[in-house]
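What follows is the residue order along each chain.
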Amino acid sequence: MLKKRKVIITGAGYGIGKEIVKGCLNEGASVIACDINGNSLNNLSLAMDSRNVLYTYQLDVSKYEAVTKFFDYIEAEHSDVDCLVNNAGIYLAKNILDYQADEMDKVLDINVKGFIYFSQMFGKKLLEEKRKGIIINMSSVSGMEGSSDAIYGLSKAAILGLTKSCAMNFSPYIRVNAVAPTMVNTTMMGIIPDWRKEEYLSHQLINTPVLPEDVAETVVFLLSDKAKHYTGATFDINNGGYLR
């Protein structure tokens, strides 16, 4: 489904990001995997089939200068890139009453500004070249239904607005969509409060847990030509737990 695609994926070293890397490679794409953790990137490379075309790049998505340097690398080494998956994120599982100012900054810098920086530089490149491209933004059900961690919920709601606005600003060249999963079986689930987990699960119409690979399959679809008529949309993956 993704032959001839070249995809940048942030937060690629673990969890959902790692599965998106696998899914893209399995469908024939080349991937530039970005993560702040160098060990995670090394492990990712070791885990992939040697036939796959995978490049890794360590950076902090919340640092504008680092993202600028990354896109200099892209221009020099991967100028044919045509897809971006904004996935890097952080969840502190804190009540808003307990947040310190530096913690608020950290969440918003990574979960919102990182998406903005990558979208801006990717969008500018492709629009200047008048080339077709695709951006997928990883949001969350908590961005629509609220979160026990209000700062996290705020950040994921912001991504939905960014998605719609970029879909408008980048048309007709770049399709921009969001994916909004419910709780997914990753390490993050271990720090979600039990009462919130129970609330999520009690609403679901399908009782099969959502796995990282399930989210990756949706991302792969949105990166493919099968999704050529979708832009500015949000794709829920929540087992029917929240019907809109």
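The coordinates are above.
Parameters at a glance
Residues numbered from 1 in each chain as written. Predicted model: local features only at pLDDT ≥ 70, side-chain atom pairs only at ≥ 80, totals over all residues. Heavy atoms only, no water. Helix = DSSP H or I, 4+ residues; strand = E, 2+ residues; numbered from the N terminus. Rg over C-alpha atoms; globule rule 2.2 N^0.38 Å. Buried < 20%, exposed > 50% of the residue type's maximum accessible area, 1.4 Å probe, protein only. Contact = heavy atoms within 4.5 Å. Areas by Shrake-Rupley, 256 points an atom, 1.4 Å probe, with all protein chains shown as cover. Lys, Arg positive; Asp, Glu negative; His and termini not counted. Charge placed at Lys NZ, Arg CZ, Asp CG, Glu CD. Salt bridge = Lys/Arg side-chain N within 4 Å of Asp/Glu carboxyl O. Pairing = 2+ DSSP bridges. Axes fitted to C-alpha atoms, helices over the stretch in contact; angles between N-to-C directions. Left-handed = near helix turned anticlockwise from the far one by under 90°.

Visitor: Requested: an account of the overall build of the protein, with residues and values cited.
Guide: If you tally the helices and strands in the protein, you get eight helices and seven strands. What you see for the protein is a C-alpha radius of gyration of 17 Å, in line with the 18 Å of a compact globule of 244 residues. Every one of the 244 residues in the protein was classed for burial, and the buried ones make up 51%. Long-range contacts, defined as pairs at least 24 residues apart, comprise 72% of the intrachain contacts of the protein with a sequence gap of at least 6. When the accessible surface of the protein is split by element, carbon and sulfur atoms take 52% of a total near 11700 Å². Counting 25 positive and 28 negative side-chain charges, the protein places the centres of these two groups 7 Å from one another.

Visitor: Can you tell me about the pattern of salt bridges, naming the residues and giving the values?
Guide: Here the structure, examined in full by the defined rule, presents eight salt bridges. In this structure, R5 engages D225 in a salt bridge whose closest nitrogen and oxygen atoms are separated by 2.7 Å. With R5 in the segment before β1 (6–9) and D225 in the loop between α8 (212–223) and β7 (234–237), the pair connects residues that are 220 residues apart, well separated along the chain. Classification of D225 by relative accessible area gives exposed; the value is 53%. Here E75 makes a salt bridge to K125, at a shortest N to O gap of 3.0 Å. In this pair, E75 is assigned in helix α3 (residues 64–77) and K125 in helix α4 (residues 101–129), connecting sequence segments 50 residues apart. Accessibility expressed as a relative area gives 42% for E75, which makes it partly exposed.

Visitor: I'd love a proper account of the environment of D109, names of residues and values included.
Guide: By the element assignment, D109 lies in helix α4. Remark: the alpha-carbon pair of D109 and Y64, spanning 45 residues in sequence, is separated by 9.9 Å. Ignoring any residue separated from it by four or fewer positions in sequence, one finds D109 in contact with S62 and G114.

Visitor: Quick rundown of the sheet that holds strand β3 (residues 54–58)? Include the residues and the values.
Guide: Within the open sheet, the seven strands sit side by side as β3-β2-β1-β4-β5-β6-β7. Their pairing is parallel. At either margin of the open sheet sits one strand with a lone partner, and together these are β3 and β7. When strand polarity is set aside, the average angle formed by the axes of neighbouring strands in this sheet is 15°. In the sheet, β1 pairs with strand β4 (residues 83–86) via three bridges, with the strands oriented parallel. For I8, the partnering residue across the bridge sits in β4 and is L84. In the packing of helix α1 (residues 15–26) onto the sheet, the strands contacted are β1, β2 (30–35), β3, β4 and β5 (133–138), and the crossing angle to β1 comes to about 175°.

Visitor: Describe in detail the packing of α3 against α4, supporting the description with residues and values.
Guide: α4 packs onto α3 with a crossing angle of 30° between their chain directions and a minimal axis gap of 9 Å. As α3 runs across α4, the sense of the crossing is right-handed. Contact residues: Y64, V67, T68, F70, F71, I74 and E75 in α3; Y117, F118, Q120, M121, F122, K125 and E129 in α4.

Visitor: Summarise the environment of L222; cite the residues concerned and give the values.
Guide: Topologically, L222 is positioned in helix α8. When its relative accessible area of 0% is taken as the criterion, L222 is described as buried. Considering only alpha carbons, one finds L222 and I134, 88 residues apart in sequence, at a separation of 8.3 Å.

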